[in-house]
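Structure assessment
Read off the chains here:
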Amino acid sequence: MKKQTIKAANGLRGEIVVPGDKSISHRSIMFGALATGVTQVSGFLQGEDNYSTLNAFRAMGVDIVDLGAGNLRISGAGLRGLKEPGDVLDCGNSGTTMRLMTGLLAGQSFFSVLTGDQYLRRRPMRRVVQPLASMGAQIDGRDGGERAPLAIRGSALHGVDYTSPVSSAQVKSALLLAGLYAEGATTVREPHLSRDHSERMLAAFGADIRPFAGGVTLLPGQPLTGRDLVVPGDISSAAFFLVAGLIVPGSELLIRNVGVNPTRSGILDILRDMGGSIELVDQRDVCGEPVADLLVRHSRLRGIEIGGSVVPRAIDEFPVISVAAALAEGTTIIRDAHELRVKETDRIAAIVSELSKLGALMTARDDGMEINGVEQLTGGAVASHGDHRIAMSCAVAALASVGSVTIDDTECTETSFPGFWPLIDQVRG
């Protein structure tokens, strides 16, 4: 296992570009593969998670040419053009791949099996399997369908009106993908609006999809048509450099071409509420997604209470938000974040465990954390728990620590942010 040792920085400066949005990259392959005609994608995230999705569709007969430098050419098979794979489909570490593919495969005319690595096989799947079963899906898995591998026997589906107990873009997207093959409308309601990339992209490809306050309805029957897509930079990746720029004295960073979709930009609201200086420069629309350059400067942060509707809009960023809170003045309370318990690892337990080793004052709660800010973090040795966001959050903490921090098992960052470690070296000069 690889280790990385990060020393404190005197100031972070420069202009950077972060990799393409992981969520949009997944969906560009899925919808491009189901469309008729060619879809050209630029800005595709060349991370392991997204290649798990790409390889799964190749295994089902879709012609996808990797042109390099984040450019793909997808010759769509059409809604009914996928072929039964000759082997088990390996989703690697990608929960997005497995959950969304489960919905898509439920409506096919063939049998398929989804599996993943040791971490993914521990993650809960019933939240997708159960509502899909109410549509007529035939899905088996370990622990009554709670754990992968999942065996899916494609079957005739019917639309449902489903109220999700959690705000989850993966659950919503799985049902919408199944809804493409269902008889009748599929409606998904959720407590708070989760990220809406699937809705935006389905509309761009020509689906009859109708968002409304509190949910979305998909009417099947409309073919999808290939198109050109530009994937913006991932705000979840930019988040590490936003927090680093705020907590390292003397820092000023410009992060270019970042997607600022309002269902994903909760971290901007949170960090600004904490007193962070973040400016959105040159705001624009790219292929239906709002994009901007983000200018961040070192700021004195203060503790706040975080909960409610902002949580699903920042769910992936809470590990690094916790780093900002650990160095903020006063107390930060994070609540309503139960979803952190069922990510690549239990992120509440993992971030409390590892940041505490560096001198952070943190207490885990069932649905979040209580964090009492300290003036400075110390050096030490921490573990990633095989979770890319824990590894990168610990690296950000190291930049504002006294001494160096050694992070164990850092290969996991390749799943979402290839090139993260060289970019850290670049901004510290």
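Quick caveat, the model's predicted, so the values are computed rather than measured.

On to the environment of M101. Counting through the fold element by element, M101 comes out in helix 3 (residues 95-106). Residue M101 is classed as buried on the basis of its relative accessible area of 0%. Between the C-alpha atoms of M101 and P223, which are 122 residues apart in sequence, the distance is 19 Å. Not counting chain neighbours up to four residues away, the residues in contact with M101 comprise M30, A56, F57, M60, L89, T96 and L114.

What follows is about the packing of aromatic side chains. Counted under the stated rule, the structure contains seven aromatic pairs. On the numbers, 5.8 Å between centres and 80° between planes, the contact of F44 with Y51 is edge-to-face. For Y51, a relative accessible area of 22% puts it in the partly exposed group. Seen in terms of ring centroids, F417 and F420 are 5.3 Å apart; in terms of plane orientation they differ by 65°. Their pairing is edge-to-face.

Quick look at the sheet that holds strand 25 (residues 401-408) now. As a general point, the strands of a sheet are linked pairwise by backbone hydrogen bonds and lie either parallel or antiparallel. Taken together, three strands build an open sheet; the order of strands is 1-25-24 and the sheet is mixed. Edge positions in the open sheet fall to strand 1 (3-7) and strand 24 (377-383), since each of these has one partner strand only. With strand direction ignored, the average angle separating the axes of adjacent strands in the sheet is 10°. Note that strand 1 and strand 25 share five bridges and pair antiparallel. Counterpart to K7 in the pairing with strand 25 is S404.

All right, on to the sheet that holds strand 23 (residues 368-372) then. Here we have four strands laid out as an open sheet, ordered 20-21-23-22, and mixed in their pairing. Two strands close off the open sheet at either side, each with one partner strand: strand 20 (305-306) and strand 22 (361-365). Bridge count for strand 22 against strand 23 is five bridges, and the pairing is antiparallel. Note that in strand 23 the partner of T363 across the bridge is E370. Set on the sheet, helix 10 (residues 318-326) makes contact with strand 20, strand 21 (331-334), strand 22 and strand 23; between it and strand 23 the angle comes to about 20°.

Time to look at the layout of surface pockets. Of the volumes computed, that of the largest pocket is approximately 580 Å³. The wall of the largest pocket is formed by 35 residues, among which S167, S168, I315, E339 and K343 lie closest to the centre. Where the lining of the largest pocket is concerned, the elements lending two or more residues are helix 1 (22-34), helix 3, helix 6 (169-179) and helix 12 (388-399). The dominant element in the lining of the largest pocket, judged by the number of residues it contributes, is helix 1, at four residues. Its residues assigned to classes, the lining of the largest pocket comprises eight nonpolar, 13 polar and 14 charged.

The next point concerns the nonpolar core. Of all hydrophobic cores here, the largest spans 80 residues; its most connected members are F241 and F318. Ranked by residue count, the leading element in this core is helix 8 (residues 235-247), at 10 residues. Leave out the neighbours within four places in its chain, and F241 touches I16, L253, I255, V296, F417, F420, L423, I424 and V427. Counting residues in hydrophobic clusters, the runner-up holds 63 residues, among them A35, L157, Y181 and L224.

Attention now goes to the pairing of strand 4 (residues 63-68). As judged from the five bridges shared by strand 4 and strand 5 (residues 71-77), these two strands associate in the antiparallel manner. Considered in strand 5, the bridge of V65 is made with R73. Hairpin connection of strand 4 to strand 5: two residues between the antiparallel strands, including A69 at a positive phi of 55°.

One pass over the full model with this rule turns up 29 salt bridges. The salt bridge involving D316 is made with R195; its shortest N-O contact spans 3.1 Å. One end of the pair, D316, is in the loop between strand 20 and helix 10; the other, R195, is in the loop between strand 13 (186-189) and helix 7 (197-205), with 121 residues separating them in the sequence. With its nearest N and O atoms 3.0 Å apart, the salt bridge here joins R256 to D293.

Moving on: the pairing of strand 23. Here strand 21 runs beside strand 23; their pairing, made up of four bridges, is antiparallel. Looking at strand 23, one finds that T332 is bridged to I371. Hairpin connection of strand 22 to strand 23: two residues between the antiparallel strands.

Let's shift gears to the side chain of T102. One can find T102 in helix 3. In terms of polar contacts, T102 uses its side chain to reach the backbone carbonyl oxygen of M98, at 2.6 Å. Not counting residues up to four positions away in its chain, the partners in contact with T102 are L114, V128, L132, I139, L150 and I152.

A few words on empty space enclosed by the protein. The final tally for this structure, using the stated rule, is one cavity of 30 Å³ or more. One number sums up the size of the largest cavity: a volume of about 40 Å³. What lines the largest cavity is simply D21, I24, H197, P232, I235, G259, N261, R264, E289 and P290.

Here is what the cut-offs are and how they apply
Residue positions are given per chain, counted from 1 along the sequence in the order it is written. Side-chain atom pairs in this predicted model are given and counted only at pLDDT of 80 or more, local residue features only at pLDDT of at least 70, and totals for whole chains, interfaces and linings cover all residues. The side-chain values count all of the structure's non-hydrogen atoms but skip hydrogen atoms and water molecules. The secondary structure listing takes helices from DSSP runs of H or I that are at least 4 residues long and strands from runs of E that are at least 2 residues long, numbered from the N terminus. Whether a residue is buried, partly exposed or exposed follows from its accessible area with a 1.4 Å probe, protein chains only, as a fraction of its type maximum: under 20%, in between, or over 50%, in that order. Whether two residues touch is decided by their heavy atoms; if any such pair falls within 4.5 Å, the residues are in contact. A pair of aromatic rings is counted whenever rings of Phe, Tyr or Trp (Trp by its six-membered ring) have centres within 6.5 Å, and the orientation is called stacked for planes under 30 degrees apart, edge-to-face for over 60 and tilted otherwise. For two strands to be treated as a pair, DSSP must find at least two bridges joining them. Note on geometry: axes are C-alpha line fits, over the in-contact stretch for helices, and angles between N-to-C directions span 0 to 180 degrees. With a 1 Å grid spanning the protein atoms alone, the term cavity applies to any set of points in which a 1.4 Å probe fits but cannot get out, the term pocket to an open set with protein on both sides within 12 Å along at least five of seven lines, and the term lining residue to any residue with an atom within 4 Å of a point. Grid points are joined across faces, edges and corners, and a volume is the space filled by probe spheres set on the points. Gly is put with the polar residues, along with every residue not named as nonpolar or charged; the nonpolar set is Ala, Val, Leu, Ile, Met, Phe, Trp, Tyr, Cys and Pro, and the charged set is Asp, Glu, Lys and Arg. What is meant by a nonpolar core is a set of buried Ala, Val, Leu, Ile, Met, Phe, Trp, Tyr and Cys residues, joined one to another through side-chain atoms within 4.5 Å. A side-chain nitrogen of Lys or Arg and a carboxyl oxygen of Asp or Glu constitute a salt bridge if their distance falls within 4 Å. Pairs of N or O atoms within 3.5 Å make up the polar contacts considered here, provided that, within protein, one atom can donate a hydrogen while the other can accept it, and that residues adjacent in sequence are counted only when both atoms are side-chain atoms.

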